[in-house]
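Residues per chain are reported as follows:
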Amino acid sequence: MPFRLILQLSVRNLFRYPRRNGLLLLAIAFALAGATVTNSLMRGWQYDMLDRAVENLVGHVKVQASEYRDDPNMAHSFALPTNYESSISGVEVVGWAPRIKVPAVILSERQSRGVQLVGIDPTRENISFFSELAFAGETLADMDDGRIVIGAELARQLQTAVGRKLVVLSQAADGKNRERGFRIAGTFDADSTSLEKAFAFTGLTSAQAFLGDRSSDSTPPLVTEVSVLLADELRRKDAVAELRMAFPDKDVADWRALQPQAAEMFAMADAAIYVIFVLMMGGLAFGLVNTLIAAVMERVRELGMLRALGMPRRVVLVQVVVESMLIMCAGIVLGLIAGCISVWALADGIDLTAFAEGIDAFGMSALLIPVLHFEDLWLFSGLSLILGFIASIFPALRAVRITPLMAMNR
Amino acid sequence: MIALAWRNLWRNKTRTLLTAFGIAFAVFLVSFAMSMQGGSYDDMIKAATRFYTGHAQINQRDFVTDNKLEQTVPNASALREQLQNRFPLVALPRVQAFGIVSKDERSIGGMLVGVDFMAEAAQLDLFKKITAGALPRSPGEALVGAAMARNLGAELGDDIVILGSGRRGGVAAMALSIRGILDTGQAELDRSLLFAPLEEVQEAFDLDDEVHNLVLVLEDYSQGTVLAQSVGELLERDQSYRTWQQLLPEVEQGIELDRVSAEIFYYILLILVSFAVLNTFVMVIFERTREFGMLMALGLRPWQIIGQVQLEAFFLGLSGALIGLVLSAALVAYLSEVGIPLSAYGEGEAAAKQAFAKLQAGSITHLYPAFSVASMATAPLVLMVGTQLSALFCMLRVRRLNPVTALRVE
Amino acid sequence: MVSSCLRLLLLIIAVCTTSVKAEENFDPLTLVTSAVDQTRGLSSYSEMTMLIKRPSWQRESTLYAWTRGREDALIRFVAPARDAGNALLKQGNNMWTFNPKLNKSIRLPGGMMSQSWAGSDFSYDDMSRSDKWIKHYRLEHVATEETDGLKTYTIDAIPFDDAPVVWGKERLRIREDSVLIEAIYYDQDMQPLRRMVSTEIGVLGGRTMATTIRMLDLEKPNSFTEVRYDAMDFDVALEDRLFTLFSLQSRSR
């Protein structure tokens with residue numbers, strides 16, 4: 001029997017029992033939609049964590065002096081060669097950010113706090129959270145800007161505000177303490193996370209002048225780190241290898257080594273996504289098999305007659321399977337569409353600010369934005385089709401065992 | 001009627017079994033997952049609160065924000081005794097003072113905490129994180145954070161001095177020897193904390209029988225909020241009582257977040273299975289329309305027929321729920337003894353430990369599910385109610401059934 | 001936070017007897033500079049009483065102090081017995097504190113300099129700055145008053161933008177004989193935070209100087225620190241080894 005005929009038969013069969021098949025369709029669509037939405041939320045969370053970890057001044061790969069990780073200090077700074085950007089040739093780079101990052105004490109008229117003083121080139125900070133911050137007041141103009149920007153929460157703790165002055169105290173490259181006044185150019189809002197309390201930014205040149213080597217004029221400017229953002233995160237190992245050759249005596253590490261916690265949670269999210277999907281399909285499976293068997297049982301007379309008319313067993317088998325696959329496909333398509341629409345409806349993100357401290361500990365931001373990950377959706381569709389196929393085997397086998405005699409006895 | 005209902009169920013063995021197992025599957029999954037959650041949330045809270053913060057704390061109200069030496073809770077011994085006599089708890093006194101910690105030439109700022117070592121070690125896990133040496137037992141001995149020891153260049157047995165300002169302006173000076181070194185896994189704690197005997201710190205800083213903190217360790221952590229009222233009666237107006245939820249909001253929020261996201265998953269699963277149930281009853285109606293018509297022609301009222309089917313639905317739901325419950329209970333019982341080892345994460349073990357350490361749950365090595373009314377009752381209840389409702393929904397048409405037309409249905 | 005007032009104290013200790021008769025169009029920098037210049041190359045020995053007053057307690061101590069120029073200073077507590085022997089040594093840019101009970105000298109780390117010294121309203125930082133005063137401020141003459149035949153000049157000292165000073169400004173009132181009458185420290189909103197006032201002016205060690213100075217925390221009522229000079233000796237011969245760690249730790253004198 002030609003396949004087209006089988007197909008036509010299957011389709012018409014589907015419409016014979018609109019209510020039952022409709023319900024099944026709905027169930028499948030619901031499962032797929034649910035899977036799509038939860039998947040997109042989890043991916044959103046996972047990539048948000050990745051972004052936060054990477055943007056938290058870590059980047060994908062970092063070059064530092066070898067002692068810096070244990071003892072972050074200006075004494076462990078190094079001079080950056082002028083052509084450093086050519087160090088990575090095989091991998092596409094989004095951006096480089098040279099920085100000075102050292103612990104410092106920051107003082108206002110009434111309070112003092114320990115912070116990380118970060119000297120940056122604001123034009124190069126498109127690779128970190130800095131460029132996406134909202135500022136009250138102004139941000140740093142360029143790397144020569146001698147002003148300072150701090151988090152709004154830090155400003156609150158110091159009882160100061162935009163336009164006022166702070167004194168920063170830190171250890172210079174020669175080990176001596178240095179202090180200097182900085183005017184606050186602006187304050188930034190990072191949803192009251194630790195970022196708001198931990199960092200104070202100033203221009204890189206200004207930081208170099210403040211803490212650098214003053215013994216001679218000819219020393220090249222110092223940095224404590226260079227952070228790199230790659231176009232493709234997966235190529236980080238290649239980038240690390242190339243950088244290690246360019247900077248043989250330095251500590252070159254990727255973000256997973258620098259922030260193992262985030263890396264771990266990232267991997268856990270992957271596992272969780274698949275487990276959840278499998279379980280949901282499991283829940284669907286029972287209803288699916290049930291319905292398919294009932295479908296077959298209802299057609300005992302018809303199938304028996306068809307067999308009597310000479311339809312080979314094989315065709316019956318194929319027909320039942322095709323019918324189930326058709327419903328599955330329809331359900332999958334419907335479900336994915338519904339799921340995608342829901343995700344777009346949630347595109348503004350889910351506001352989690354009620355959980356502020358908790359999400360900070362998990363490394364998330366306050367806005368959970370779902371991310372549609374098409375590879376996952378293809379995977380889900382494929383798995384669902386396989387499920388549909390497997391679920392139809394038992395009913396199909398039952399259908400095959402229907403003899404014309406049985407049909408006529410009904 | 002009961003016997004009839006039961007027998008009716010078995011008329012279509014396959015369908016009944018499939019639906020029942022579908023219910024069982026969902027019940028098993030959801031109740032097991034809820035037990036796991038309950039168990040691990042419980043453990044997380046226990047681990048977090050028993051680490052350092054305790055289940056509740058009593059402070060002078062302003063001390064919470066200002067951390068000043070003079071903001072003390074007076075008559076600490078009396079209050080401590082009262083609390084311990086009246087309520088099932090242990091009250092641990094603590095004194096906090098900021099000072100310069102110095103060894104030979106090197107000195108850094110640090111927070112000195114005066115504690116009753118024996119009492120604290122018996123209740124809290126922080127003191128189990130001693131990596132070198134032992135818990136101080138004699139006067140003049142201190143416990144120092146690993147990072148602080150490193151920054152001072154100090155080792156076990158070295159002498160250090162602490163210098164600060166006493167309560168009434170006098171100079172506070174202490175000479176201590178390092179009896180133990182602490183590695184909590186949290187850099188911020190290790191870098192700035194050191195512990196010394198309570199009475200010595202009180203004496204050095206010119207404090208009478210007063211403390212900054214009374215850390216309460218309850219027999220049952222959930223009693224924290226319940227006791228607020230009664231403990232409040234013993235306190236002065238300027239003293240505050242805070243529960244662990246206020247002290248460690250990130251733990252509570254993290255749990256809440258996890259709970260909410262799990263609930264979404266549960267609902268999706270339960271809805272999916274309900275589809276299967278609904279489908280079953282749709283088919284039931286369809287198949288037995290003739291039968292119902294006949295029964296009605298014989299004089300049965302519609303509601304009796306509905307009742308009959310409801311009974312069938314009840315048995316179906318019950319069997320499915322019981323199977324699922326029994327399986328899940330067995331698994332939970334087994335695992336609550338053995339536990340699921342966290343080291344199953346393999347290479348991420350160290351990172352996972354760090355992640356947990358960050359949530360102050362450092363002592364969790366295994367995940368244990370726990371029985372609770374909620375975890376065991378929710379899924380069965382929801383599904384059984386759902387089953388009944390599905391049956392009812394489908395059966396409503398029976399009221400309008402015309403026996404004559406029904407009998408004509410094939 | 002505490003002011004830079006003890007450096008003014010050291011300044012005042014070394015002020016010249018011959019008062020500088022100011023001209024009508026006077027230059028504030030000259031007045032202040034000359035006052036500071038007077039301290040160059042001079043040394044002193046003083047005995048003072050310090051009273052720290054707070055709403056719920058107060059504490060009185062006796063101290064001896066030696067200074068040389070603007071670089072070196074040694075201050076030691078003599079009474080009460082509980083505090084006796086505690087000492088502070090300034091040697092150039094470094095400061096050490098000594099505690100007799102611990103029998104140890106502790107070098108003050110940079111981050112601690114803003115902390116209060118001996119529970120008073122002065123910080124370690126105050127004790128150490130002396131000439132940064134000129135380097136970091138722009139001086140403006142605001143007003144002149146005359147009382148009892150002596151002119152008193154009000155001068156505003158406004159820190160430069162990159163100066164390591166947190167104050168919005170400091171308003172000084174200096175008499176024409178170079179005695180500092182008052183210094184008020186303002187935050188950057190120009191709210192007064194601290195006030196140092198010379199409550200008694202007399203002659204000690206042959207010079208006209210403020211003999212009692214009170215430092216008030218304007219944000220806390222009933223809180224101040226008062227220093228009263230009981231004895232003063234200028235241009236004393238001081239040995240180099242006085243300003244050493246060894247001397248800090250020795251209990252003699």
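Only a predicted model underlies this, so the values are computations on that prediction, with no experimental measurement involved. (Residues numbered from 1 in each chain as written. Chains lettered and ligands numbered in written order. Predicted model: local features only at pLDDT ≥ 70, side-chain atom pairs only at ≥ 80, totals over all residues.)

*Asks:* Explain the overall build of chain A here, please?
*Replies:* For chain A, the count of helices and strands is 13 helices and 14 strands. For chain A, whose C-alpha radius of gyration is 31 Å, the value lies well above the compact-globule estimate of 22 Å for 410 residues. Considered along the principal axes of its C-alpha atoms, chain A spans approximately 105 × 45 × 30 Å. For chain A, buried positions account for 49% of its 410 residues. Across chain A, the fraction of contacts at a sequence separation of at least 24, relative to all contacts at a separation of at least 6, is 83%. (Helix = DSSP H or I, 4+ residues; strand = E, 2+ residues; numbered from the N terminus. Rg over C-alpha atoms; globule rule 2.2 N^0.38 Å. Buried ≥ 20, exposed ≤ 12 C-beta atoms within 10 Å, placed from the backbone. Contact = placed C-beta atoms within 7 Å.)

*Asks:* I'm lost on the overall build of chain C in this one. Help?
*Replies:* A tally of regular secondary structure across chain C gives five helices and 13 strands. Scored against the burial criterion, the 253 residues of chain C give a buried share of 44%. At a minimum sequence separation of 6, the contacts of chain C that also span at least 24 residues come to 50%.

*Asks:* Looking at this structure, how should I read the interface of chain C and chain A?
*Replies:* Often, the extent of an interface is quoted as the loss of accessible area on bringing the components together. Counting residues at the interface gives 15 residues for chain C and 16 residues for chain A. For the side of chain C that touches chain A, the class distribution of residues is eight nonpolar, four polar and three charged. (Nonpolar A, V, L, I, M, F, W, Y, C, P; charged D, E, K, R; others polar.)

*Asks:* Is there a simple way to think about the confidence of the model for chain C in this case?
*Replies:* The predicted coordinates ought not to be read in detail in places where the model reports low pLDDT. Residues and elements named next belong to chain C. Counting all residues, the mean pLDDT for chain C is 80, and 83% of those residues have values of 70 or more. Counting interchain partners and residues more than four positions distant, the pLDDT-below-50 stretch residues 14–24 has 29 contacts. The complex prediction reports pTM at 0.74, with the ipTM value standing at 0.77. (pLDDT = per-residue confidence, 0-100.)

*Asks:* What is the right way to look at helix 14 (residues 373–395) of chain B in this model?
*Replies:* An α-helix turns once every 3.6 residues. As a result, residues three or four positions apart point the same way. All names here are of chain B. If you check helix 14, its first and last C-alpha atoms are 32 Å apart, about what 23 residues at 1.5 Å a residue would give, namely 33 Å. Residues of helix 14 that are buried include every one of S375, M376, A379, P380, V382, L383, G386, T387, S390, A391, C394 and M395, and no others. Its buried side turned inward, helix 14 meets helix 2 (13–53), helix 11 (249–297) and helix 12 (302–338). (Expected span 1.5 Å × (residues − 1).)

*Asks:* I tried to follow the interface of chain A and chain B on my own but got confused; where do I start?
*Replies:* The interface of chain A with chain B comprises 34 residues on the first partner and 37 residues on the second. Elements with a contribution of two residues or more to the side of chain A that touches chain B: helix 2 (18–55), helix 8 (260–298) and helix 11 (356–362) of chain A. When grouped by side-chain class, the residues that make up the side of chain A that touches chain B number 20 nonpolar, nine polar and five charged.

*Asks:* Help me understand the nonpolar core in this model?
*Replies:* Taken as a class, soluble globular proteins show a tendency for nonpolar side chains to be buried jointly. In terms of nonpolar packing, the biggest core is built from 282 residues, with B:A26 and B:V273 touching the most fellow members. Among the elements that make up this core, the one with the highest residue count is helix 2 of chain B (20 residues). In this structure B:A26 touches A:G283, B:L269, B:L270, B:V273, B:G324, B:A379 and B:L383, once residues within four positions along its chain are discounted. (Core = buried A, V, L, I, M, F, W, Y, C linked by C-beta atoms within 7 Å.)

*Asks:* Even after reading the chapter, I still don't get the domain arrangement of chain A, so can you show me in this structure?
*Replies:* Once the domains are mapped, chain A shows domain 1 (3–53 + 263–409) and domain 2 (57–258). Centre-to-centre, using C-alpha coordinates, domain 1 of chain A lies 49 Å away from domain 2 of chain A. (Domains from an automatic or database assignment.)

*Asks:* Teacher, can you tell me more about the pairing of strand 1 (residues 61–65) of chain A here?
*Replies:* Every regular strand shows the same layout, with side chains that alternate between the two sheet faces. Residues and elements named next belong to chain A. Taken across its five residues, strand 1 has five buried, putting it largely inside the fold. Residues V61, V63 and A65 point to one face of strand 1 and K62 and Q64 to the other, with burial holding for every one of them. With four bridges connecting them, strand 1 and strand 11 (residues 225–230) associate as antiparallel partners. Within strand 11, the residue paired with V61 across the bridge is V228. By the bridge criterion, five bridges tie strand 1 to strand 12 (residues 250–254) in an arrangement that is antiparallel. The residue of strand 12 that forms the bridge with Q64 is D251. (Pairing = 2+ DSSP bridges.)

*Asks:* So what exactly am I meant to see when it comes to helix 11 of chain B here?
*Replies:* With 49 residues, helix 11 of chain B extends 66 Å between its outermost C-alpha atoms, agreeing within 8% with the 72 Å of an ideal straight helix rising 1.5 Å per residue. For helix 11 of chain B, the principal kink sits at B:R288 and spans about 60 degrees. (Bend = angle between axes of the 7 residues up to and from the residue.)

*Asks:* What am I meant to see in unusual backbone geometry here?
*Replies:* All names here are of chain C. With omega at 0 degrees, the peptide bond leading from A79 into P80 counts as cis. In this structure, P80 sits in the loop between strand 3 (72–79) and strand 4 (87–91). The backbone of A118 shows a phi angle near 55 degrees, a positive value even though the residue is not glycine. In this fold, A118 is placed in the loop between strand 6 (104–107) and helix 3 (124–128). Among the residues examined, A118 registers 24 C-beta atoms within 10 Å and is labelled buried. Of note in this structure, M190 is not a glycine but carries a positive phi near 65 degrees. In this structure, M190 sits in the loop between strand 10 (180–186) and strand 11 (192–204). Residue class for M190 comes out exposed when judged on the 9 C-beta atoms lying within 10 Å of it.

*Asks:* Explain the environment of B:P93 to me, please; I cannot follow it from the model alone.
*Replies:* Residue and element names in this part refer to chain B. When you line up the elements, P93 lands in strand 2 (residues 89–103). Taking the C-alpha atoms as reference, P93 lies 20 Å from Q223; in sequence the two are 130 residues apart. Once residues within four sequence positions are removed from consideration, P93 is found in contact with A76, R80, D116, L198, V211 and L214.

*Asks:* Is there a simple way to think about the environment of B:M44 in this case?
*Replies:* Residue and element names in this part refer to chain B. Relative to the helices and strands, M44 resides in helix 2. On the neighbour-count criterion, M44 (21 C-beta atoms within 10 Å) is buried. It is 9.6 Å that separates the C-alpha atoms of M44 and E252, two residues lying 208 residues apart in sequence.

*Asks:* I'm lost on the packing of helix 11 of chain B against helix 12 of chain B in this one. Help?
*Replies:* Helix-helix packing is described using two parameters, namely the angle between the two axes and the distance between the axes. All names here are of chain B. For the pair helix 11 and helix 12, interaxial distance at closest approach is 11 Å and the crossing angle is 140 degrees. Taken together, the axes of helix 11 and helix 12 lie oblique to each other. Seen along the crossing, helix 11 lies across helix 12 with a hand that is right-handed. Contacts between helix 11 and helix 12 involve V284, F292, L295 and M296 on the former and, on the latter, P302, I305 and V309. Broken down by class, the residue content of the contact of helix 11 with helix 12 amounts to seven nonpolar, no polar and no charged. (Axes fitted to C-alpha atoms, helices over the stretch in contact; angles between N-to-C directions. Parallel < 35°, antiparallel > 145°, perpendicular 65-115°, else oblique. Left-handed = near helix turned anticlockwise from the far one by under 90°.)

*Asks:* How should the confidence of the model for chain A be read in this particular structure?
*Replies:* Overall, the predicted model of chain A reaches an average pLDDT of 83, with 95% of residues at or above 70. Mean pLDDT across the secondary structure elements of chain A bottoms out at helix 11 of chain A, with 67, and peaks at strand 6 (residues 148–151) of chain A, with 94.

*Asks:* Quick question: what am I supposed to make of the environment of C:M215 here?
*Replies:* In this structure, C:M215 sits in strand 12 (residues 207–217). The sequence separation of C:M215 and C:V197 amounts to 18 residues, and the corresponding C-alpha distance is 6.5 Å.

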